Structure formats: structure tokens, C-alpha cells
Amino acid sequence: MKYLLITCILFCTQLLFSQTFTITGEVKDTLNNPLAIASVMLLERDSTLVDFTQTDLGGYYAFKKVEAGDYLVKATYLGYIPITVSVSSKDKKVELPPMRLTEIAAELMEVVIRAARAPMKMRGDTIEYDASTFRVPEGSTVEDLLRRLPGMEVAQDGSLRSDGKDITKVTVEGKDFFGGDPTTVTKNLPAEGVSKVQVFDKKSETEKLTGIKQNSEEKEMNITLKEEFKKGGFGKVIVGGGDISRGEIKGNYNKFNEKHQFSLVGVRNNTGRNGLNWDDYQDFMGANSFNFGGGDMVYGFGGGSGFRMYSFGGSGGNDLETKISSAFFGGNEGGFPENGNIGLNYNYDHKKTKIGSTYFYNLSGTESKTLSNSTNYLSTFNTNSDRQSDNSTNFNGHRGEVSFDQEIDSFHTIIISADIANVISKTSGDAFTQILKDQEDLTSESNVKNDFRLGGNLINTSALLRKSFKKKGRFFGANISYLNTQVNEDRNLNSKIVFYNNAGIIDSTQLINQNNASKSDKNSFGANVMFSEPLSKTWFVSVFTNYSTKKQNGDVNVTDLIDGARQINDLLTRTYTTNIEFLRSGSSITYSNDGFNASVGGGYQRFNLAAEYAAANNSPFNGKVDNPFDGWLPYADISYSMGRNGRLGLSYYKSIDEPKIEDLLPIVDNSNPLNIREGNPNLLPENSHNIRFNINKSIPISGIRIYFNGRGTFYDNQVIQEEEVDANLITKSRPINYDGGRRLSSYLGFSFPIIKNKIKSNINFNSSINKSFAFVNTILNETNTLNYRPSVGLDITPTPTIGLYIDANTSITNTEYNIANSQNQKFIQTSMNVKFNTKIYKGLFISTSYNHMFYKNDRFGQNIDVPILNASIYQQILKGKRGEIRLSIYDALNKNIQFSQYAGSNRVSQTSTNSLARYVMASFTYNIRGMKDGVQEQNWW
């Protein structure tokens, strides 16, 4: 770590103090007349592009902040022969003599235009690649093209990174393509249809409104198509069948033109590939598609300090939305799955009107067997749990989105959107569990059967107004949102628990036959306004207000079967009403000039957590919650553009997050009778102080990139768990607040070409240090976790008919416990991935992928490896190579299992699930436009 820190400091120092100079000049014709809007390129000695500009009305041009070195300056103008001159950095400013262009004959025009094309243009933070200048195998996907682009990094899972920043959204012709998920575009569209690839910093709603540059940690990409692909349709259909009753049918169809964009994707299979696990859900609906509506509509400051109302999986009382979202990407980890999915995407874009819509349907189910082992560390002894479970899941979900974007005039824009969802899920499971004390004394055995059904509906609407003024830099924005979520749950619990005494003899038996039926209804409303005013050309001030209210009603009805009759359970039955009100107002002042941006601001935030809850039959478990919380939110952000392709950023912000409703209310969850969970009405909002630092330097056209970022989060009132373990080793837990937790993480990346356009390498190093707490029988347990993960990748594409992609990484996790340091853990998880594709003969190809996972934990004597080998051979057939016949084998070594391990707080665990293993499949593919000879990276689509 010491040497890594020294390296980073030296790197930052070099970037901050590197010398730059300015190049100026003018472009004229042979009659000494200035040529306005002439293209002028700054090139390296090998003719790779560094910068691009145009002359003004007087024929003058300038390149500023050029790093010291030797360059070429090339001037082009339609109808004239280009001129190239050399330039070297001697002084801080170099003024070149006028470049006089000679007019050419018409028959030479096409040759000159072609010669003048640059592979890449740079304009501010936007990089534009000319796809025609990068040679890719014919028949490749967009993903194959992106692997060849300088400065672009494509991971094995299809995720994208440019200049050290994740590309989180990809559009086609400026329009959303199934929610903008990168893998949907890169794996489904052909590279031959791409004209240009544009990459730029992702803008927040605040930045879109004010125009003031913010320090973005993410990027977006736009794909523009060739004219011939904007006419007619393109896509493919695949039908396959195999042994052990495996089969699939899948396809996609796309049709684009200047006004309309239509896309259709569909899958039906029982192979588990492109079903609806987490990665496959992103393939269809986008990496951020689990955020129903809302998006970044909350104005303010700080990338992570914005209050997001409706995001799935987040904190802040979004438990109902999380339950609905689970129907779309849950239940398919391992086991034997069946899936049926269909998605439609339609966009209309003409003049000042944009309409976007998406519909998605998912039907999925899984049968699985799971073995798990966990150890809980107590102050004087440990508990060990061995669990075997059989699970069956079925999910059925519909989701639709529609948006309307209208530019009323040059000063006013409105955006209206609506999202709806309907889900039904059913889960059943039988689990047998043994709990031992210190791995020796059997204390209990349990047989638990759960049958669970969930039904839910969601509708979310929003309206947004952006208004600009004649005065440059003055802006006003306002938006409102409304969300209604309804969830009905019904659980039948049947369990038998046998308790043993110290002599190993049965001491007592507990039987439960219980039905838990609950109804929840939530209404949320949000409103946000912001006004920005320029104080000068470089100083800006903005003020904003955010308001939201969330009202939720719930009815939990629990009955027990006693002596053949159903009776109300007074202790578990509850009715409740909650109202969480949020108000934040603040202001910031920004200085922006010549690549330097600095903002400082503050806000005042108020939460009011109010609730009423009551048990059945006037039980004493009744009460109220009425807790207002106030706090100041400071914020500061600095970013600086170092030269043309370097950037430094530093920010600090404080955030306050309200508790989840399920954590706040004293509602008991006893779905696992050996681990009972209850809410806490005295819970406080969680405060965190966040610091972020990032620095990057890249030479995009040469493909060299260095990037470093660091993050730190320090908690006040962090929500942790308080556990009480009784004599029968039944654990009861509830959330409480505690100060002192922290999370630190860093990332260092280096990407460079070994042989340009043939071999590209990237080396990364991730690390994190976390401190967490838990109370066990009133004893505080402090857990410290250190994780570091080096990785290396190679993309080898020596010819259009050979593709080899290699990556490897090792994740090492050290976990230390202060109340049971003899149980300290060291997990090592190593992954090796290889993909190889090549052409054997005319139209005949082979494609293979090999993944090898290693899991090691000396504390458990664990040493597991899971090798997965997939291979296929395929032949292109039919006129225009529209057809393909493929024979594939999946998991040829018959080793597939799902395995995971965890260490944190006061517990470690490991889980393995049986999974679909070796099978053979034959398939036929029909390509609507046809295919050409070339190697495609096999995505096992």
C-alpha cells in the first residue's frame, strides 16, 4: 500500500505540473483569402489524432493546452488539397505561418475526402470514433467493435468503461434502447451497421438545467447508424434443442428511421441462459432499470447526496418497491430454470417531440436444492448451523414505461413519464436445519415449510419543466412525482423444532402452523424546484428545494391453527400507518473557468418520522412514533481539467437517510423460527460523511489510460443489528443505531495497447477496508474486513478471423472479529476466463469459452474449484450467409454448481446450490440481413 500511495502521488504531481503550449495559425487559399470553417487536425507523428478544430471567419485556428512534444498540423477544406506541417514545443506559444491550400479537380475529390477522415474527434468531454476506420471481423457485434476502440475497455460480462469511468447508458441514434443498458446494444446490434460511436460524460438533471459542469463519475455512449441500416429491418432468430429435454427459441428484430425506432426481443427456454437472473435482466431492460421512474429528478448538489424517492433496493422506505422488483430479477441463481421473456421498445423523434415506450413481460421458475453452513460468533461460544433446503419459485411480471418530451420553444421543455408494473410470485421451500454449539453439541433440529405468495401493483408518474431565459446562465426547473404501490402477501408456515438438553436427549418440541396475511398500500408525492443565476461569466449561484411525503398503511393478520381451529395471534397481528415527510432546501455557489470548476454549498434537511401501530384485541403492543430530525448538509466539489485528456476531482458531502419502514415498526418476521426479526420504533436516521477523489489521464487515440479513485464513508447513527441468543440458541434481532462504522475503497487502473489494434491489455487493482459492528447478547462485536482484488486482461485480435480474450482476477478477503479472534477468516476467490473464436474453413467456425473459479478458506479447510467449459462449431449457410447451423456443448466437464461465501458482522457462511450441468444442443440461426465471413465473440446468446 505504501508503494502504491507513492506511485499515485508521483503520478498526480506529474499531471499537475506537466508543461503545455499553444499553437495558432491561419488557413488561406492561393489568392491569400481566408478559408472559414476549414478543418484543422492536431496529429501525433504517426498520424494519430490528438485534437480537432475549425477556423473562424478570418481563417484563424488555435490549439490550447497542448502537452510538450512533436506534432503534425493538418488543414483540410472541401475542394482543396490538404496540407500538413510539423510543429514542436519550444515556447509556450507557437505561431505557424499561414497554410495555403490549392484547389483540386472534381475527380480527385473523393480520394481527398477519404484521406482526410480522422479515426477520432475530440470536442470537450466528447470523443467521437469513426467506426469505418477501425477494422473488425465481418459479422461482428458492436461489442467486438468497441474492443478495438482506443481507451475503451470491455469486460467479460459486457460492461463498458471509457477513460476510467463506467458507461452506464447507451442510446441508439440518441434514443433509449430498452432502458439504455449497454449490453442490450452491444450484444444485439451488428457492428457493420455502425457509423459513429460517441462517448461523453453523463449529465445530472441539475447539470442539464444549469449548464454548469459537474464532476461526473459515469459516462454515456451514443451509437449512430449507417444510412442503409435506417431503412428496412435487421435482426435474427435462433431455435435450438438438446439432450435432457433442453430447448430454446429466441430472437430480436430492429427497424430504425429518422422518426421511428422499433425493437423486439424474446426468449423462451429451460437452459438458464438469457433467463431472468440479475445479469440477464440487465441484458433486456438496462442496468438501472430497477429504478422505476424518478431517476435523477431531485435537484441539489453532490452525486450521492441527492434524495431519490423510488429507487429499488435502496434505503429510505422503498421496501414495497423492492418486493415488486424482485419478481423481475430474482430466483434464478442456480437450480433448474424455465424462462419466458419478451420486450418491446418503440421511440418516436421528430422535430421538437420525442415519445419513448417500453413493455416487458417475464415468466420464470426455478427448482433448486441448496446446502448452507454458517457460524455465528458469540462472546463465550459459537453457534453452527447446517441447512438443507428444497426450493421452488415462480415469477410472473408485466412492466411498461412511456415518456413524452416536448420542446415548446427555445426557452421551455416539458417531460412527462409514467411507469406501471404488475407482479405475482410464488415461492415454496422445505428446509431441514441443525444447530450445534461450538460445532459439537446438538441443540436443535428443525423442519420448516414455507409457502409464500406475493401480488403487487405499482404506478409512478412524473412531470418536469426546464426553463431558460434570454440572460445566459439563468435557468429554472421544477418537477413533481407521484407513486402508488400496493402489495398483498400471504405466507403459510409449518414447522417442527426439536430442542435437546446437554446430554443430547430431547428436551422439548415446538410446533407452528401459522398463516400470515398482510396488505400494504403506499402513496408518495415529491416536488422539486431550482433556480440558477449567473453573477458573472464565471460565477453562478443556485437555490433549490426538495419535498416529499410517503404515506403507507398496512394490515398484518396472523392466525395459528390450535386444536383444529384458526385463532388470532395477538402478539404478531398488527395494523399500522406511517408518514415520512422530507424537506430540504439549500444553495450553492460555483466558479467555472477554463477547465476549473469549484462549488461550495449547504442545505438544511428535515425528516419527520410519524407512525401509529396497534396489535389485536387491545394488546399492550400499541404505540406511536413522532420523531422529527433536522440537520445541516455541507457540500464542496472541485474538478480540474489537466491538459486535454486529464482530469482531477475532489468532493465532500453529508447525507441523511431515513430508516426503512420494515426496520422502524415493531412487526415480527418469524418465517425462520430459529431467527426471528423485529423492527425498532426508536430507530434514528443514518448519517454519513462522504469523501471522493478521482484522477485520470489518458491518450485516447493511443489507447493508454491511467485512472485512480478513492472513496470514504464515515457513519453516525449507522443502522446495525442487535442480537439476543437464548438458551435454545434461538436468535432474535432488531436494528439499532451505532456510531463509528466506515467504508474505504480505492481503484487503480491502467490500460494500454501492446500492439495497436491487435493486442490490448488492462491492469486493475481494487481494495476496500470496512469496519462494522453488531451487538450479541449485549456484547459489542467489531468486525474489520480488508479486501484487495488485482486483475489483468488481454484482448488479442491479430487477424479478422482470430479472437482471443483472456482475463483473470483474485479477490482476497481478510476478516477479523474482536470477540472471537480465533475465528478470523481469509477467503480467496480466483477467476480465470478465456474466450477463443476462429475460422477453420470457408463459413466454418469454432467458438469456445472457459471459466475456472477457485474458492479457498483455510479456516474451514475449504478448497473448491469449479471449471466450466463451453464449446461450439458452426457453419454459415443459405444465400448471403443468412443461416447458421451450430452444435454446442455446455459445461463439458460436468462441474457446474453455484457457490458463494460471506464474512461480516459476527457471522460467516457458505452456500452451494445444484445447477443445470452438462448438455448438448443443436441450433439454427436465421439472420434477416445476412452474415459475412468473420469471427464473432461468442456471447452464448
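Everything numeric here is computed off the predicted structure, so don't read it as measured data.

With that settled, consider the packing of aromatic side chains. Working definition: an aromatic ring pair is given by the centre-to-centre distance plus the angle between the planes. A full pass over the atoms with the stated rule returns 15 aromatic pairs. Measuring from centroid to centroid gives 6.4 Å for Phe 21 and Tyr 71, while their planes differ by 45°, and the two rings are tilted. With Phe 21 in strand β1 (residues 20-29) and Tyr 71 in strand β5 (residues 70-76), this pair connects stretches of sequence that are 50 residues apart. Exposure remark for Tyr 71: the relative accessible area of 9% places this residue in the buried category. Note on Phe 582 and Phe 607: the rings are 5.4 Å apart at their centroids and 45° apart in plane angle, and the pair reads as tilted. Note that Phe 582 is positioned in strand β30 (residues 574-593) and Phe 607 in strand β31 (residues 596-615), a separation of 25 residues in sequence. As far as burial versus exposure is concerned, Phe 582 and Phe 607 are alike and both buried. Across from the ring centre of Phe 469, 4.8 Å away, lies the NZ or CZ of Lys 467, which sits over that ring.

In a structure, side chains of opposite charge can pair up when their charged atoms sit close to one another. Taken as a whole, this structure holds 12 salt bridges when the rule is applied. Measuring nitrogen to oxygen at the nearest pair gives 2.2 Å for the salt bridge that ties Glu 401 to Arg 399. Classification of Glu 401 as partly exposed rests on a relative accessible area of 26%. Since its relative accessible area comes to 3%, Arg 399 is described here as buried. Where Lys 471 meets Glu 533, a salt bridge forms, and the shortest distance between an N and an O atom there is 3.0 Å. You can see Lys 471 sitting in the loop between β25 (441-468) and β26 (475-500) and its partner Glu 533 sitting in strand β27 (residues 506-534), a full 62 residues away along the chain. Using a relative accessible area of 39% as the deciding quantity, one classes Lys 471 as partly exposed. Residues joined by salt bridges that share partners form a network here, namely Lys 471, Arg 474 and Glu 533.

Our focus in this paragraph is the pairing of β1. Among the 10 residues in β1, 8 count as buried, and that is most of the element. Of the pairings in the sheet, the one linking β1 to strand β4 (residues 60-67) comprises 6 bridges and is antiparallel in character. Counted as the bridge partner of Glu 26 is Tyr 60 from β4. As defined by bridge partners, β1 adjoins strand β8 (residues 93-95) across 3 bridges and the pair is classed as parallel. Within β8, the residue paired with Ile 23 across the bridge is Val 94. Pairing of β1 with strand β9 (residues 99-103) involves 3 bridges; the strand directions are parallel. Bridge pairing in β9 places Val 27 opposite Met 99.

Formed by 24 residues in total, the largest nonpolar core has its most connected members in Leu 146, Met 152, Val 197, Met 221 and Ile 223. Elements that contribute at least two residues to this core include exactly β11 (126-130), α3 (142-148), β12 (152-154), β14 (165-172), β16 (194-201) and β17 (218-225). Leu 42, Val 50, Phe 63 and Tyr 71 belong to the second largest nonpolar core, which has 20 residues in total.

Cut-off values and rules
Residues numbered from 1 in each chain as written. Predicted model: local features only at pLDDT ≥ 70, side-chain atom pairs only at ≥ 80, totals over all residues. Heavy atoms only, no water. Phe/Tyr/Trp six-rings, centres within 6.5 Å; stacked < 30°, edge-to-face > 60°. Helix = DSSP H or I, 4+ residues; strand = E, 2+ residues; numbered from the N terminus. Buried < 20%, exposed > 50% of the residue type's maximum accessible area, 1.4 Å probe, protein only. Lys NZ or Arg CZ within 6 Å of the ring centre and 35° of its normal. Salt bridge = Lys/Arg side-chain N within 4 Å of Asp/Glu carboxyl O. Pairing = 2+ DSSP bridges. Core = buried A, V, L, I, M, F, W, Y, C linked by side-chain atoms within 4.5 Å.

Take it as geometry only, folks, not as evidence of what the structure does.
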